[in-house]
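# Coordinates in review
Here are the chains, one letter per residue:
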Amino acid sequence: SMTKSAQLQRASEEAKQASEQRLQIEVRAAETARDELRVLSAEMDKMDKVIVKLQSDSSTLKEKIKLKSEVIRRQEATVTELRSRCVECEQQLLASKEVAQSTAGQIE
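So, on to the overall build of the protein chain. From N to C terminus, the protein chain includes one helix and zero strands. Over its C-alpha trace the protein chain gives a radius of gyration of 46 Å, far above what one expects of a compact globule, namely 13 Å for 108 residues. Viewed in the frame of its principal axes, the protein chain has a C-alpha envelope of about 155 × 10 × 10 Å. In the protein chain, buried positions account for 0% of the 108 residues. Here the protein chain displays about 10400 Å² of accessible surface, and carbon together with sulfur accounts for 58% of that area. Side chains of the protein chain give 19 positive and 19 negative charges; the mean places of these two sets differ by 6 Å.

Let us look at the pattern of salt bridges. Under the counting rule described, the total for this entry stands at eight salt bridges. A salt bridge links D35 to R34; its shortest N-O distance comes to 3.4 Å. Classification of D35 as partly exposed rests on a relative accessible area of 37%. With relative accessibility at 40%, the residue R34 sits in the partly exposed group. Measuring nitrogen to oxygen at the nearest pair gives 2.7 Å for the salt bridge that ties E70 to R73. Taken together, the residues E70 and R73, both in helix α1 (residues 2-107) and three residues apart, mark about one turn of the helix. Residues joined by salt bridges that share partners form a network here, namely R34, D35 and R38.

This part covers the state of the cysteines. For the structure shown, the criterion picks out zero disulfides. Take C86: it sits in no disulfide, and the sulfur closest to it among the cysteines is that of C89, at 6.3 Å. Look at C89 and you get partly exposed, because its relative accessible area is 49%.

What follows covers the environment of L8. When you line up the elements, L8 lands in helix α1. Owing to a relative accessible area of 60%, L8 belongs among the exposed residues under this scheme. On a C-alpha basis, the gap between L8 and L23 in space is 22 Å, while along the polypeptide they are 15 residues apart.

Procedures and definitions
In this convention, every chain numbers its residues from 1, walking through the sequence in written order. With the structure being a predicted model, the display of local features is reserved for residues of pLDDT at least 70 and the display and counting of side-chain atom pairs for 80 or more, all residues being used for whole-chain, interface and lining totals. Here the side-chain values reflect all heavy atoms present in the structure, with hydrogen atoms and water set aside. Strands here are runs of E lasting at least two residues and helices are runs of H or I lasting at least four, both read from the DSSP assignment and numbered beginning at the N terminus. Each radius of gyration is computed over the set of C-alpha atoms, and the globule rule expresses the reference value as 2.2 Å times the number of residues to the power 0.38. Relative accessibility under 20% of the residue-type maximum defines a buried residue, over 50% an exposed one, and the middle range a partly exposed one, all with a 1.4 Å probe and only protein chains included. Accessible surface area values rest on a Shrake-Rupley calculation with a 1.4 Å probe, where residue burial reflects the displayed protein chains alone. His is not counted here, nor are the chain ends, while Lys and Arg score as positive and Asp and Glu score as negative. Lysine's charge is taken at NZ, arginine's at CZ, aspartate's at CG and glutamate's at CD. For this document, the term salt bridge refers to a Lys or Arg side-chain nitrogen within 4 Å of an Asp or Glu carboxyl oxygen. Disulfide: a pair of cysteine sulfur atoms within 2.5 Å of each other.

In structure tokens form, the structure reads like this:
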């Protein structure tokens with residue numbers, strides 16, 4: 001009976017040890033998972049900052065493109081106006097030459 005009691009005691013201690021070992025393994029696995037989660041969370045924070053910066057850069061570039069497009073539109077309007085003035089000047093110059101020629105012809 002004493003040996004049976006000792007065997008039961010020993011079996012109980014072994015079961016307890018096995019249970020504690022399983023618990024330690026589970027605790028280590030949970031700690032590893034927690035550490036990995038922290039790393040992933042930090043990476044996600046970095047990525048969020050990159051995304052915010054890219055969105056900001058994109059908005060800035062869109063604004064610059066909009067402003068440059070407006071400058072180009074104004075320059076094109078100015079060129080068109082200057083071309084029109086050139087045509088008017090050429091017509092006035094031709095008219096002046098004709099008047100000068102006809103006047104010169106009348107003087108002779």
